[in-house]
Amino acid sequence: MFSIYILTYNEELDIAACIESAMLSDDIIVVDSCSSDRTVEIASRYPIRVIQHAFESHGRQRTWMLESIPPKHEWVYILEADERMTPELFAECEKASQSLDYIGYYVAERVMFMNRWIRYSTQYPRYQMRLFRHGKVWFTDYGHTEREVCEGATSFLKETYPHYTCSKGLSRWIDKHNRYSTDEAQETLYQLEQGKVNWQDLFFGKSEVERRRALKDLSLRLPARPLLRFVYMYFILGGCLDGRAGFAWCTLQAFYEYLILLKVWEMKYLPKPNLDATEILAQESTQQLQCVDSETTQADVA
């Protein structure tokens, strides 16, 4: 058996189905980033632990979660609310967690968009670190997301998980990626100034993860990135085989890339607003009122 962490923020539409898919585990922990909708209320109906913690970044939220909320089992799995655990994946995770050779496993996602699996234009199989021995994997920030730091050898699972990336509608997707693009723009500036491309990993990387990350670092330095991304996803990866949903997906990703470039320009050339001390204190007070950190469980009957 292994524990399952579920990360949430305003996930009232997805949280019930996500929890129910994870109920194969006897230790489920919902870590909520102070949702303003009914996420916590719905999650609290289940025999699980529900804990709230103010969101700082994806990497910091995961690290706080792993350090502050001890799991019942030695192995843990990280699940997000718009993802689902499957019986086949759960069984493979159980078997993998018995191994003494590895401290963590990467799992590939199946991106579901417009009621279709977007197989080709999403670089499938695209792996994420999800199952690992507690205390052996940590996370750092990279752009809008995070990257894992592993203290030991890792491997890959064969089973995959569905990821319903647009389950809450296009408006929510656009709002979310508007926020993400700000973090990506900041990371782009940092990488252009201090980062570099790992050419060895790009051509001879031992895994899909190494090659993909090197490709990402290279893409930050290419001209006409939105156009190149569309051509790469739609024609080279075969997004045209994903039908109408594939065309829409590739178009949205190109738009997202263009939004990042616009914000890079804005950060470089437009003056930043100056906030006086009163405004800063007012913002901090508002944030504190929105969410007070709590390590008390909402429901702990497991």
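Everything numeric in this text was worked out from a predicted model, so none of it was measured. (Residues numbered from 1 in each chain as written. Predicted model: local features only at pLDDT ≥ 70, side-chain atom pairs only at ≥ 80, totals over all residues. Heavy atoms only, no water.)

**Some thoughts on the overall build of the protein chain**
Basically, it comes down to this: Numbering of helices and strands runs from the N terminus, with a helix taken as a DSSP run of H or I at least four residues long and a strand as a DSSP run of E at least two residues long. What the globule rule says is 2.2 Å times the number of residues to the power 0.38, and the radius of gyration is computed from C-alpha atoms. Any residue under 20% of the maximum accessible area for its type is buried, any over 50% is exposed, and the rest in between are partly exposed; the area is computed with a 1.4 Å probe on protein chains only.
Helix and strand counts for the protein chain stand at ten helices and ten strands. In terms of overall dimensions, the protein chain is globule-like: its C-alpha atoms have a radius of gyration of 20 Å, near the 19 Å expected for 302 residues. With the principal axes as the frame, the protein chain shows a C-alpha extent of 55 × 55 × 40 Å. Counting the 302 residues in the protein chain, one finds 49% classified as buried.

**Quick notes on unusual backbone geometry**
Cis geometry marks the peptide bond from Tyr124 to Pro125; its omega dihedral reads -5°. One non-glycine residue with positive phi stands out, namely Asn115, at about 60°. Looking at the element boundaries, Asn115 is found in the loop between β5 (104-113) and β6 (116-117). Exposure remark for Asn115: the relative accessible area of 84% places this residue in the exposed category.

**Some thoughts on the UniProt feature "domain: Glycosyltransferase 2-like" (unreviewed entry) in the protein chain**
Convention followed: UniProt positions are given in the numbering used here, feature names are shortened, and annotations may be inferred rather than shown by experiment.
The feature "domain: Glycosyltransferase 2-like" (unreviewed entry), as given by UniProt, occupies residues 3-119 in the numbering adopted here. Along residues 3-119, the helical share is 29% and the strand share 28%, with 29 Å between the first and last C-alpha atoms.

**Quick word on a nonpolar patch on the surface**
Filter applied, for reference: Nonpolar side chains (Val, Leu, Ile, Met, Phe, Trp, Tyr) are joined into patches within 5 Å and like charges within 9 Å, using only residues with over 30% relative accessible area and no salt bridge. Computed with a 1.4 Å probe, the accessible areas rest on the Shrake-Rupley method; for each residue, only the protein chains presented here act as cover. Take a side-chain nitrogen of Lys or Arg and a carboxyl oxygen of Asp or Glu: if they are within 4 Å of each other, that pair is a salt bridge.
Taken together, the side chains of Leu227, Val231, Phe235 and Ile236 define a hydrophobic patch exposed on the protein surface, amounting to about 420 Å² of accessible area. Mapped onto the elements of the fold, Leu227 is located in helix α8 (residues 225-236).

**Overview of helix α3 (residues 58-68)**
Because the α-helix completes a turn every 3.6 residues, residues three or four places apart line up on one side. The buried fraction of α3 amounts to eight of the eleven residues, a majority that puts the element mostly inside the structure. Within α3 the residues assigned to the buried category are His58, Gly59, Gln61, Arg62, Thr63, Trp64, Met65 and Leu66.

**Things to note about the packing of aromatic side chains**
Quick note on the threshold: Note on aromatic contacts: the rings of Phe and Tyr and the six-membered ring of Trp form a pair at centre separations within 6.5 Å, being stacked when their planes are under 30 degrees apart, edge-to-face when over 60 apart, and tilted otherwise. The rule for a charge over a ring is simple: NZ of Lys or CZ of Arg within 6 Å of the ring centre, and within 35 degrees of the ring normal.
In this structure the tally under the stated criterion is 18 aromatic pairs. On the numbers, 6.4 Å between centres and 45° between planes, the contact of Phe2 with Tyr77 is tilted. Separated by 75 residues along the polypeptide, Phe2 in the segment before β1 (3-8) and Tyr77 in strand β4 (residues 75-80) bring together distant segments of the chain. By relative accessible area, Phe2 is classed as buried at 0%. Taking relative accessible area as the criterion, Tyr77 reaches 0% and is therefore assigned buried. Seen in terms of ring centroids, Phe203 and Phe204 are 6.5 Å apart; in terms of plane orientation they differ by 55°. Their pairing is tilted. Residue Phe204 is classed as exposed on the basis of its relative accessible area, which comes to 67%. Here the aromatic residues Phe230, Tyr234, Phe235 and Phe247 are joined through ring pairs into a cluster of three or more. Sitting over the face of the ring of Tyr142, Arg147 holds its NZ or CZ atom 3.7 Å from the ring centroid.

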